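# Geometric and topological summary
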Amino acid sequence: MLQVENLHVHLDTPGGLVKAVDGVSFSIQKGETIGIVGESGSGKSVLAHSLMKLNPEPPALYPQGTIHFEGQPVLEMGKTELRKLRGNDIAMIFQDPMSSLNPVSRIGKQLIEAIQAHQKRPKQQAREKAIELLEDVGIADAKARMNSYPHQFSGGMRQRVLIAMALASNPKLLIADEPTTALDVTIQAQVLDLLKGIQEKYGTAILVITHDLGVVAHLADRILVMYAGKIVESGSAEDIFYRTSMPYTWSLLRSVPVIREGGPERLIPIDGQPPSLIDRPAGCAFEPRCPFARDACRQVDPPLEHRESNHSAACILSSNEFEEQKKQLEGVLTT
Amino acid sequence: MLNYTIRRLLSVIPVMLVVSVIVFMIVHLTPGNPAFLILGEDSSPEAIADLERELGLDQALYVQFFNWFSQVITGDLGTSVYSSQSVTSLIAENFGPTFSLMALSTVILLAIAIPVAILIVALRKTVLDPIFTSVSLFGVSVPEFWLATLLVLGFGVALPIFPVAGYVPFAEGADAWLHHILLPSFVLAIVEVGIIARMLRDSMLDSVNQDYIKTARAKGVKEREVLMRHVFVNALIPTTTVLGATVAGLLGGTVIIETLFTIPGIGQLLVDSIHRRDYPVVQGIVLFIAGIYVFVNLLVDLLYTFLDPRIRYD
Ligand SMILES: Nc1ncnc2c1ncn2[C@@H]1O[C@H](COP(=O)(O)OP(=O)(O)OP(=O)(O)O)[C@@H](O)[C@H]1O
Ligand code: SF4
Ligand SMILES: [Mg+2]
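Residues numbered from 1 in each chain as written. Chains lettered and ligands numbered in written order. Predicted model: local features only at pLDDT ≥ 70, side-chain atom pairs only at ≥ 80, totals over all residues. Heavy atoms only, no water.

Per an unreviewed UniProt entry, chain B goes by ABC transporter permease and derives from Planococcus maitriensis. UniProt, in the comment section headed Sequence similarities (unreviewed entry), describes chain B in these words: "Belongs to the binding-protein-dependent transport system permease family." Comment text from UniProt for chain B, heading Subcellular location (unreviewed entry), reads "Cell membrane". (UniProt positions renumbered as here; feature names shortened; annotations may be inferred.)

Going by the annotation in an unreviewed UniProt entry, the name recorded for chain A is Oligopeptide transport system ATP-binding protein, with Planococcus citreus given as the source organism. A UniProt comment under Sequence similarities (unreviewed entry) is attached to chain A, and it reads "Belongs to the ABC transporter superfamily." Within the UniProt record for chain A, the comment given under Subcellular location (unreviewed entry) is "Cell membrane".

Written out as structure tokens, the structure is:
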């Protein structure tokens, strides 16, 4: 349904050309759930926005690569075609529900706008549809809530409203850019369940973006790990969690807080900072922070290669080498 | 909302109290003996003393203030020394032209500033952008009095479409009223257009990058609708605060414009009364202008709550 081929997205900023997305390829099938994980600043949002050409231009440039949605080249679409794509075929919900709704406009009005952007329905019908959508995402007393303003809702409720809005035209793909980052833990689970429910009910494909591995473990059929604008490992949730083949993924997994019995939560942060996306180092971008790095890593930037059936990783270590080294290192660390 | 309105209305009281003290002080602490100035240089000391007694100027300052203020509270601003007419009726007679000027120039101000700001924002990514930017840069850096003079020379003298002096009340015919008031209102408005257009443009450009604009675009809403329904409406809120000060500032501008175009308004009455050392009138007008200033800001505040539901439902 969606094919991304060798996509490069650059941001022309006063500080230099930011290579936010640097040769990314993946595809999404109908009804599939894909997760993209990575640290802050790894280019996840820029990538997600590219899928409907939503990055503000300037600064965004698309120097190389293609995106096809149902065979149509998205990056070559004109204004009208893009407008038909956005919200209709591909919908998106954003990181911060607090600021993603127009503060001076009633919820109902914003929902009706989303409906009427793609469907020629008279106001009254659009209104009824809007109420249905609100009920669908679990807003109690939907009819009365139509007249509320965003600030009268909690964060979780606003995210539900945004999800309702995204569902207005039954999109084939729903992009959720960190849908739960700004929410309380208890609300996070509810929103994730809601997304799962939508997927089951409507068969919508979902691309969920997060820096929280727990979120993708919960939802995704397939996971892409992103680092410094590139995909460095991809595979099923099992591949990523149990057959980790790339040091960055391994570090990321270790940085997830774990609650141990009798002890406080333990978390091993990844040392150092992600590299500058303006002057990329020549070799592997993770080299300065990688506990397994060797000299060769500074010379070659390893490409994403198949390991097992659908499992790929970008590292000069083979899966077996990595497995060995990992055991050694973990042995050292636990003693 | 109602609560807010009432609170806001009550807050006017202390403001006006302070304003009256200041007005009184300015007029009474200005150097120079009013009686002496009124009677002229050749007047005898007895005559001056008589007039001082008559005007109450021989009493202690706080007594004078108390007397004046207890009158003001009942709506009596005193009597003109020059014409023996009550100050209130003088203000009432002269308010028509001033109000006309203010109202019309506010309309003109908005009618120019809003479309200009929207056009600048709408065309910001087209080939027209540099043209617009340089024109607006030119517009901002041109001294307003120069532009005003140019307008008067252009449409009053070179192409005598509009009269450059005089006033006809609205009641005597809307045509004649508009004919006389249009040019001065335009001149008055043009001075403030840049401020409002810039503020609106800046607020719109701020709003363009907000998350909710991204949401609107992601919904597939037409760019024109995104601009009007989301960007513009949100940009109105910060602009409104500036609008209050601007409209009130127009009132100050009327003093100059009325003199320039010989329009018999409050401003001209004020200037004449200063020349005549007619202190009760000066005092009354300054207090009245201050009152309008406070009133306009009150209106703007209420407009603000109308525009911003976050305040309305607090
Ligand atoms: N409008 C912009 N102008 C300039 N640089 C930008 C812009 N948007 C993003 N960037 C830069 O592009 C890089 C990728 O940003 P992006 O927002 O995609 O990261 P992210 O992975 O989504 O991070 P987060 O988890 O913080 O959302 C970052 O280095 C960021 O500073
Ligand atoms: S290529 Fe080298 S530096 Fe990069 S992740 Fe693999 S081992 Fe580490
Ligand atoms: Mg992001």
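All names here are of chain A. Near ligand 1 you find 16 residues, and of these Ser40, Gly41, Ser45, Val46 and Glu178 are the closest. Interatomic distance of 2.9 Å between a side-chain N/O atom of Glu178 and an oxygen atom of ligand 1. Protein coverage of the free-state accessible area of ligand 1, which is 630 Å², stands at 66%. Those elements that provide at least two residues to the shell around ligand 1 are β1 (2–13), β2 (16–28) and α1 (44–50). Looking at the shell around ligand 1, the element that brings in the most residues is α1, giving three residues. Residues belonging to the shell around ligand 1 are distributed by class as follows: six nonpolar, seven polar and three charged. (Near = heavy atom within 4 Å. Polar contact = N/O pair within 3.5 Å; in protein donor to acceptor, adjacent residues only side chain to side chain. Areas by Shrake-Rupley, 256 points an atom, 1.4 Å probe, with all protein chains shown as cover. Helix = DSSP H or I, 4+ residues; strand = E, 2+ residues; numbered from the N terminus. Nonpolar A, V, L, I, M, F, W, Y, C, P; charged D, E, K, R; others polar.)

This part covers the sheet that holds strand β9 (residues 222–227) of chain A. Strands in a sheet are paired, the pairing made by backbone hydrogen bonds, and the direction either parallel or antiparallel. Residues and elements named next belong to chain A. An order of β6-β7-β8-β3-β9-β10-β14-β13 is seen for the eight strands of this open sheet, with the pairing classed as mixed. Sheet topology places β6 (90–93) and β13 (305–308) at the edges, where each strand pairs with a single neighbour. On average, each strand axis in the sheet is inclined to that of its neighbour by 20°, with strand direction left out of account. Helix α7 (residues 185–202) contacts β3 (33–37), β6, β7 (173–177) and β8 (205–210) of the sheet and is inclined by roughly 160° relative to β8. (Pairing = 2+ DSSP bridges. Axes fitted to C-alpha atoms, helices over the stretch in contact; angles between N-to-C directions. Contact = heavy atoms within 4.5 Å.)

Here we come to the pairing of β9 of chain A. All names here are of chain A. In terms of burial, β9 is largely enclosed, as five of its six residues are buried. Where β3 and β9 come together, four bridges link them in parallel fashion. What sits directly across from Ile34, in β9, is Arg222. Where β9 folds back on strand β10 (residues 230–236), the antiparallel hairpin that results is connected by two residues, among which Ala228 adopts a positive phi of roughly 50°. (Buried < 20%, exposed > 50% of the residue type's maximum accessible area, 1.4 Å probe, protein only.)

Residues and elements named next belong to chain A. By the element assignment, Lys30 lies in the loop between β2 and β3. Classification of Lys30 as exposed rests on a relative accessible area of 66%. Separated by 291 residues in sequence, Lys30 and Glu321 have C-alpha atoms that sit 36 Å apart. Those residues within four positions of Lys30 in sequence are excluded, and the remaining contacts are Met1, Glu70 and Ala205.

Feature annotation in UniProt assigns "transmembrane region" (unreviewed entry) to the following positions: residues 9–29, 99–123, 144–165, 177–197, 231–261 and 281–307 of chain B. Helix makes up 97% of residues 231–261 of chain B and strand 0%, and the two end C-alpha atoms of the span are 40 Å apart.

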